[in-house]
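Architecture and fold: a report
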Amino acid sequence: VAGIITLTTDFGLDDGYVAAMKGVILGLNPDVRLVDISHQVPPGDIGRAAFILGSVYRFFPGSTVHLAVVDPGVGTSRRAIILQTPDGSFIGPDNGVLTFVIENYCTPAGENMALLSQEAMAVEIAKRRFFHEPVSSTFHGRDIFAPVAALLAIGAPLADFGPRVDSLLVLPCPRPQKEPDGSVRGHVQYIDHFGNLVTDIRTAQLPSGRVSIELLGRVISGLGHNYADTGELVAVIGSSGYLEVALAGGSVETFLGARLGDSVIVRLSA
Amino acid sequence: VAGIITLTTDFGLDDGYVAAMKGVILGLNPDVRLVDISHQVPPGDIGRAAFILGSVYRFFPGSTVHLAVVDPGVGTSRRAIILQTPDGSFIGPDNGVLTFVIENYCTPAGENMALLSQEAMAVEIAKRRFFHEPVSSTFHGRDIFAPVAALLAIGAPLADFGPRVDSLLVLPCPRPQKEPDGSVRGHVQYIDHFGNLVTDIRTAQLPSGRVSIELLGRVISGLGHNYADTGELVAVIGSSGYLEVALAGGSVETFLGARLGDSVIVRLSA
Amino acid sequence: VAGIITLTTDFGLDDGYVAAMKGVILGLNPDVRLVDISHQVPPGDIGRAAFILGSVYRFFPGSTVHLAVVDPGVGTSRRAIILQTPDGSFIGPDNGVLTFVIENYCTPAGENMALLSQEAMAVEIAKRRFFHEPVSSTFHGRDIFAPVAALLAIGAPLADFGPRVDSLLVLPCPRPQKEPDGSVRGHVQYIDHFGNLVTDIRTAQLPSGRVSIELLGRVISGLGHNYADTGELVAVIGSSGYLEVALAGGSVETFLGARLGDSVIVRLSA
């Protein structure tokens, strides 16, 4: 077995686009393991793809190659990149789709730019000799990213693919803020298939002590331990390490009409 | 290749939850084969997951490990179990999701409880040393079931995971009844993607001789041999061994407004 | 690793049908690679399955076995076939689902029939000894096509499966026509997940010179190079080698209310 390649795209499962990428990969690297992360990212939703990949990559071996193709600018001058970190290698357009990976290996350099720290290294994919010819102008996932992933998983050195780059594009994520009274104000940053709300507040950012959680006019007292603690709203430390709000046996999204970006405030209980 | 692991969940394909489980599995057992059964089980629908797994597991080698994670009680005191049978090993919460497997290896012991026969053996998953730490309270699929499946597929003995249990929880399934006049009264127990109605009446339970099938005010004369026998309703012995009602080129579910639990009566024709 | 098998079906991802096929395949050929092309073909939509498979198979190694099971006539007298070509082997019902493969290796012989050329060879699947018994009348994907694919991928010779056939059924596809004034009149033949319209006009059939593209009362001037060239409609040579019409950042299907079969006219610009 020559490595693992994961795939995160907005290609959906109706057409043959994902399979075309897999065919190209298997033609070059017949023994690689292919794992779908999600192909149901809404078309062009770079932020959602970035969050999904960011919440999953740590559960794969560090030798894994993660391919992320949500690429509304395909065929334009946006760069294609490879990012190598101790926790995995990542391939995709330089459009922010790797934001939740990059943020662990960088110092910020402006709202949309990150300078890589020494733990990580990135190159621009520039050398055509690895591409699947003829390269289409609309499907770089198949013609550029797939063959590069196949060869990287075999062990081709990073320098074979193009010149080193030191700064990468990141999305301007909302961040939770600490208020003067000790409370933390965050946001809903992801809503999952169950309608659970994943906030941007990490465990370490929670006030220590008993807390209450406010969102959309509701107040939840204390953190629960699981989704079944109650028939009503429950706040838990979710499996991604962020504060989550759930509704036992239902969808909070539907129940509260919650949306991405909604404010969530965590206060120390009186 | 170290075994096959199948996955049946209600996690959907939008998020990264299934991939996180696969990453954990591949980290422990890099050569295992992973096969998705379904991740489109409606959230918390234990009965539907149980039927799907029950209709599929016999088509896999007996060495296969089947992982079933439809687990609305995750993090509560519900047990996590491994069930080993000649036809496969099964891992999941002890909440009925293995009902259609258990029923082949048990004697009933009350409406919701089954005593395992000697062909099968079960243990409660209790020893933490195999878990993926830190164990979240909301995602045992990733932190408990996935690593246990990976190690079981490698060949770890059942006793390594916890103490033996003899009775398991099963769902109270509707069963077809033989009426005094020789007819059989069953129910719609599953509706598939095509809108075909799968009843709970097995081939062996059909009256011998020419039959007619009644449901929702319609009468179907005789069993057909395939879906194309007619432009109207057709009753066939379906591929799972149950009597099915289908509509050639369409959905019976939509055509008749059929629902789970609807009565289906099979009579000997006059 | 003993080969690659791809799967294209209308079985959807909700039920266990696809997994049952995979279980049968892995029981016979434990080392084969399985790749899903699409299982989201609308029930019975042979033409859509044919297009999807036709646009993807060339990206797989020539040793790949492609299984296509969109089979509304399952259990009737329609033939089951294997088609072997230099670009891959194909298994499915003889109902047109292989049309976009066959057209590359045949001479037409009437509207719905194609005579194979010498490059390709086909057999009817007739010998039961390879079937998964008992063979159901409604799920030949599992009981006939899956085991045949497994054994073909291992290297079983074509003649083992049944007698040679020389003519195969093909769908009567709309073809673009060259008009007296040099323009080309084609049709929308596929609409993808993004709402992009794929026409039946191949690159080689485009008039040489600067063109304009008309559909549904709109005129697009010239071919673009990618989807991001404009905020409006754009015509591009798509990744399948056909002329496509797209809307940057949106769905043309929705924007224009486009449908399969809609006329697309390409004219030389004045």
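Please read all numbers here as calculations on a predicted model, not as lab measurements.

Residue and element names in this part refer to chain B. Considering the arrangement of structural elements, one finds Thr6 in strand β1 (residues 4-9). Residue class for Thr6 comes out buried when judged on its relative accessible area of 0%. Ignoring sequence-local partners within four residues, the contact set of Thr6 consists of Val35, Ile37, Phe60, Thr64, Val65, His66 and Leu67.

The tally for this structure, following the rule as stated, stands at 30 aromatic pairs over all chains. With a centroid separation of 5.5 Å and 90 degrees between ring planes, the pair formed by Phe11 of chain A and Phe139 of chain A is classed as edge-to-face. Remark: Phe139 of chain A occurs in the loop between β8 (121-124) and α4 (140-154) and Phe11 of chain A occurs in the loop between β1 (4-9) and α1 (17-28); sequence separation between them is 128 residues. Among the residues examined, Phe11 of chain A registers a relative accessible area of 9% and is labelled buried. Since its relative accessible area comes to 5%, Phe139 of chain A is described here as buried. An aromatic cluster is defined as three or more aromatic residues linked by ring pairs; in this entry it consists of Phe11, Tyr17 and Phe139 of chain A together with Phe194 of chain C.

Least-squares fitting of chain C to chain B yields an RMSD of 0.0 Å, with the transformation described by 0.0 Å of translation along the axis and a rotation of 120 degrees. The transformation relating the two chain copies, once decomposed into turn and shift, fits a three-fold axis. By residue overlap, the copies meet through two different surfaces: only 6% of the interface positions of chain C are interface positions in chain B.

A few words now on the environment of Cys106 of chain C. All names here are of chain C. Looking at the element boundaries, Cys106 is found in strand β6 (residues 106-108). By relative accessible area, which is 21% here, Cys106 ends up partly exposed. C-alpha separation for the pair Cys106 and Ala120, spaced 14 residues apart in sequence, amounts to 8.2 Å. Ignoring sequence-local partners within four residues, the contact set of Cys106 consists of Ala114, Leu115, Leu116 and Ser117.

A few words now on the interface of chain A and chain B. Between chain A and chain B, the residue contacts involve 28 residues of the former and 32 residues of the latter. By the criterion of area lost to chain B, the three top residues of chain A are Arg33, Phe59 and His193 of chain A, representing 27% of everything that side buries. Its salt-bridge partner being Asp15 of chain B, residue Arg48 of chain A comes within 3.3 Å of it at the nearest N-O pair. Counting every contact that joins chain A to chain B gives 11 residue pairs in polar contact (both at pLDDT 80 or more). Listed by contribution, the elements that provide at least two residues to the side of chain A that touches chain B are β2 (33-38), α2 (46-56), β12 (184-191) and β16 (233-237) of chain A. Among the residues making up the side of chain A that touches chain B, the classes are represented as 17 nonpolar, 7 polar and 4 charged.

A few words on the sheet that holds strand β7 (residues 113-116) of chain A. Residues and elements named next belong to chain A. Ordered by their spatial adjacency, 3 strands build an open sheet running β6-β7-β10, and the pairing between neighbours is antiparallel. The two strands at the open ends of the sheet, each matched to only one other strand, are β6 (106-108) and β10 (167-169). Averaged over all neighbouring strand pairs, the angle between strand axes comes to 35 degrees, with direction disregarded. Of the pairings in the sheet, the one linking β7 to β10 comprises 3 bridges and is antiparallel in character. Bridge assignment links Ala114 to a residue of β10, and that residue is Leu168.

Now for the interface of chain C and chain B. Each partner contributes residues to the interface: chain C has 32 residues there, and chain B has 28 residues. Taken as a group, Asp14, Asp15 and Thr138 of chain C account for 23% of the area that chain C buries against chain B, more than any other trio of residues on that side. Summed over the shared surface of chain C and chain B, the number is 1 salt bridge. Here chain C is connected to chain B by 11 residue pairs in polar contact (both at pLDDT 80 or more). Sorting the residues of the side of chain C that touches chain B by element identifies α1 (17-28) and β2 (33-38) of chain C as the ones contributing at least two each. Counting residues per element, the side of chain C that touches chain B draws most heavily on α1 of chain C, at 8 residues. By residue class, the composition of the side of chain C that touches chain B is 14 nonpolar, 11 polar and 7 charged.

This part is about the relation of the copies chain A and chain B. With an RMSD of 0.0 Å, the operation that places chain A on chain B is a rotation of 120 degrees combined with a shift of 0.0 Å along the axis. Little of the interface of chain A is mirrored in chain B: 7% of its interface residues are interface residues there too.

Thresholds applied
- Residues numbered from 1 in each chain as written.
- Chains lettered and ligands numbered in written order.
- Predicted model: local features only at pLDDT ≥ 70, side-chain atom pairs only at ≥ 80, totals over all residues.
- Heavy atoms only, no water.
- Helix = DSSP H or I, 4+ residues; strand = E, 2+ residues; numbered from the N terminus.
- Buried < 20%, exposed > 50% of the residue type's maximum accessible area, 1.4 Å probe, protein only.
- Contact = heavy atoms within 4.5 Å.
- Phe/Tyr/Trp six-rings, centres within 6.5 Å; stacked < 30°, edge-to-face > 60°.
- Least-squares fit on C-alpha atoms with pLDDT ≥ 70 in both.
- Buried area = accessible area lost by both parts, 1.4 Å probe.
- Salt bridge = Lys/Arg side-chain N within 4 Å of Asp/Glu carboxyl O.
- Polar contact = N/O pair within 3.5 Å; in protein donor to acceptor, adjacent residues only side chain to side chain.
- Nonpolar A, V, L, I, M, F, W, Y, C, P; charged D, E, K, R; others polar.
- Pairing = 2+ DSSP bridges.
- Axes fitted to C-alpha atoms, helices over the stretch in contact; angles between N-to-C directions.

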